Amino acid sequence: MSIMEILEWIEATRIASIARESAWGFQILVGLHILGLIFSVGTLLWFDLRLLGVSMRACPVSRVYRQLMPWTLGGFVVMLVSGTFLLAGFATNAYSNFYFRTKVIALLLAGVNAAIYHLVTERRVAQWDHAPKPPGRARLAGLTSIFLWALIILAGRMMSYTMF
Amino acid sequence: MLNLDSFFEWLQATGIAMTIGGSSSLTGLLSGIHLLGLTIVAGGAFVSGLRLLGVLLPDQPVSEVAAPAARAMVIGMTTSVATGLLMFSSRASAVAASEIFQLKMALLLAAVAFHFTVYLKTTRQDDAPVFRLRLSGLLGLALWFGVALAGSGFILLE
């Protein structure tokens, strides 16, 4: 089975045809996808800004993280699930789209950035938890995250204008 | 309404509107920047709204959390309004006639008015009465999520 055949099979499933053909199905999925975006990236931005030493400087980094992360992760799950359904509906169109590929690569890089932060940088958080301006590595992680998520949002909108 | 209709037709015929309308890549880019702005606005409204409600970082002063968020919201609003106007120009007559777009604009006007009158004032002081903090937080959240939802409803019509 080639990739195209698999994608065509996905598009033919019932859930994919609801995402594609039902006006309400599509509408609800897009609404959820954008709500998920606001919860996840809208809150993540404030942790990134704390890492950069721009805002909430008086609050420990680890505390900002613990307070925001449930919203960020919850929103991310909503975004991921609704995005998967939308993608299933338009799998073959999306696969060959330049902006979709850009979005997927940027998403993977955002995951790598988060993993490096948690596995390496955050291990010494005790040393700079209260610092108004965290060390260079932490600031770089925050800046990279903002850049990648902005790219993901831009590519996401671009793909829906160039796919059909 | 005749004047407004002819204004929209004139707007659609301008060079910049024709350029945007003729390029799906340009419209997509504007739409992406528009959504970036919305993420900053609604994310800021969410974070500062939760602080005003006492849910997020309740031990931190309101001005420490909500004031920078409220300021970031102004940056997001400016970004979204500018790109929104450009996208609007290319299909002004059709968009203006859409009921969901009219709802979005009504909510947006209410949210912007609320932000610059009540919200900025409330988030700048740490000793505002709790009732006022909670009510401002709740109203801000409701208005901005209304704008976001009406906006996502409008995507379907594009």
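Residues numbered from 1 in each chain as written. Chains lettered and ligands numbered in written order. Predicted model: local features only at pLDDT ≥ 70, side-chain atom pairs only at ≥ 80, totals over all residues.

**A few points about the overall build of chain A**
Heads up, the condition is: Secondary structure elements are defined from DSSP: runs of H or I of at least 4 residues count as helices, runs of E of at least 2 residues count as strands, and each element is numbered from the N terminus.
What chain A contains, in helices and strands, is eight helices and zero strands. In chain A, the succession of helices and strands from N to C terminus is α-α-α-α-α-α-α-α. Projected onto its principal axes, the C-alpha coordinates of chain A cover approximately 55 × 30 × 25 Å.

**Structural notes on the overall build of chain B**
For the record, the criterion: Here, residue contact means that the backbone-derived C-beta atoms of the two residues sit within 7 Å.
When its secondary structure is counted, chain B shows seven helices and zero strands. Along its sequence from the N terminus, chain B presents helices and strands in the succession α-α-α-α-α-α-α. Reported as C-alpha extents along the three principal axes, the dimensions of chain B are approximately 55 × 30 × 25 Å. Counting contacts in chain B only where the partners sit at least 6 residues apart, residues at least 24 apart contribute 79% of the total.

**Comments concerning the confidence of the model for chain A**
Note the cut-off: pLDDT is defined as a per-residue confidence score from the predictor, taking values between 0 and 100.
Overall, the predicted model of chain A reaches an average pLDDT of 94, with 100% of residues at or above 70. The spread of mean pLDDT over the elements of chain A runs between helix H2 (residues 14-21) of chain A, the lowest at 86, and helix H6 (residues 98-119) of chain A, the highest at 97.

**With respect to the interface of chain A and chain B**
Threshold: In the scheme used here, Gly and all other residues not listed as nonpolar or charged are polar, with Ala, Val, Leu, Ile, Met, Phe, Trp, Tyr, Cys and Pro taken as nonpolar and Asp, Glu, Lys and Arg as charged.
Taken together, the contact between chain A and chain B spans 26 residues of the former and 27 residues of the latter. For the side of chain A that touches chain B, the secondary-structure elements that each account for two or more residues are helix H3 (23-51) and helix H8 (136-162) of chain A. At 14 residues, H3 of chain A tops the list of elements feeding residues into the side of chain A that touches chain B. When the residues that make up the side of chain A that touches chain B are grouped by side-chain class, the tally is 18 nonpolar, seven polar and one charged.

**Brief notes about the packing of H8 of chain A against helix H3 (residues 24-52) of chain B**
Just so we agree on the cut-off: Between N-to-C directions, angles span 0 to 180 degrees; the directions come from axes that are lines fitted to C-alpha atoms, helices contributing only their stretch in contact. Oblique is the label for any angle not covered by the other classes, which are roughly parallel (under 35 degrees), roughly antiparallel (over 145) and roughly perpendicular (65 to 115). Two helices cross in a left-handed way if the nearer one is turned anticlockwise from the farther one by less than a right angle. They cross in a right-handed way if the turn is clockwise.
With their axes 8 Å apart at the nearest point, H8 of chain A and H3 of chain B run at an angle of 140 degrees to one another. By the criterion of interaxial angle, the relationship of H8 of chain A to H3 of chain B is oblique. The element H8 of chain A and its partner H3 of chain B pack so that their crossing is right-handed. In this structure, H8 of chain A contributes Ala 150, Ile 153, Leu 154, Arg 157, Met 158, Tyr 161 and Thr 162 of chain A to the contact, and H3 of chain B contributes Ser 24, Ser 25, Thr 27, Gly 28, Leu 29, Ser 31, Gly 32, Leu 35, Leu 36 and Thr 39 of chain B. When grouped by side-chain class, the residues that make up the contact of H8 of chain A with H3 of chain B number eight nonpolar, eight polar and one charged.

**A look at the nonpolar core**
Stated precisely, the cut-off is as follows: The nonpolar core is taken to be a set of buried Ala, Val, Leu, Ile, Met, Phe, Trp, Tyr and Cys residues joined by way of C-beta atoms within 7 Å. Exposed residues have 12 or fewer other C-beta atoms within 10 Å of their own C-beta, buried residues have 20 or more, and partly exposed residues fall in between, where C-beta atoms are placed from the backbone.
Counting residues in hydrophobic clusters, the biggest one holds 78 residues, and the most contacted among them are Ile 38 of chain A together with Val 41, Ala 42, Val 65, Met 73 and Trp 144 of chain B. Leaving out residues up to four positions away in the same chain, Val 41 of chain B has contacts with Met 73, Gly 76, Met 77, Ser 80 and Trp 144 of chain B.

**Digging into the environment of Ser 98 of chain B**
All names here are of chain B. Tracing the backbone through its elements, the reader meets Ser 98 in the loop between helix H5 (92-97) and helix H6 (99-124). Among the residues examined, Ser 98 registers 15 C-beta atoms within 10 Å and is labelled partly exposed. Put simply, Ser 98 and Phe 154 are 56 residues apart on the chain and 8.5 Å apart in space, counted from C-alpha to C-alpha.

**A few points about the packing of H2 of chain A against helix H4 (residues 61-89) of chain A**
Residues and elements named next belong to chain A. Look at H2 against H4: their axes get within 7 Å of each other, and the N-to-C directions meet at 90 degrees. Taken together, H2 and H4 sit at an angle that is classed as roughly perpendicular. Packed against H2, whose contacting residues are Ile 15, Ala 16, Ala 19 and Arg 20, the element H4 presents Phe 85, Leu 86, Ala 88 and Gly 89 at the interface. Taken together, the residues of the contact of H2 with H4 sort by class into six nonpolar, one polar and one charged.

**What about unusual backbone geometry?**
Excluding glycine, most residues fall at negative phi; most peptide bonds, likewise, are trans. With phi around 50 degrees, Met 56 of chain A is a residue other than glycine that occupies positive phi space. One can find Met 56 of chain A in the loop between H3 and H4. Despite not being glycine, Leu 57 of chain B shows a phi value in the positive range, around 40 degrees. Looking at the secondary structure, you find Leu 57 of chain B in the loop between H3 and helix H4 (62-90).

**Here we look at the environment of Ala 16 of chain A**
All names here are of chain A. One can find Ala 16 in helix H2. As a C-alpha pair, Ala 16 and Phe 85 span 69 residues in sequence and 6.3 Å in three-dimensional space. Ignoring sequence-local partners within four residues, the contact set of Ala 16 consists of Ile 10, Glu 11, Ala 88 and Gly 89.

**Side note on the environment of Thr 84 of chain A**
With respect to the helices, strands and loops of the structure, Thr 84 of chain A is situated in helix H4. Taking the C-alpha atoms as reference, Thr 84 of chain A lies 9.8 Å from His 33 of chain A; in sequence the two are 51 residues apart.

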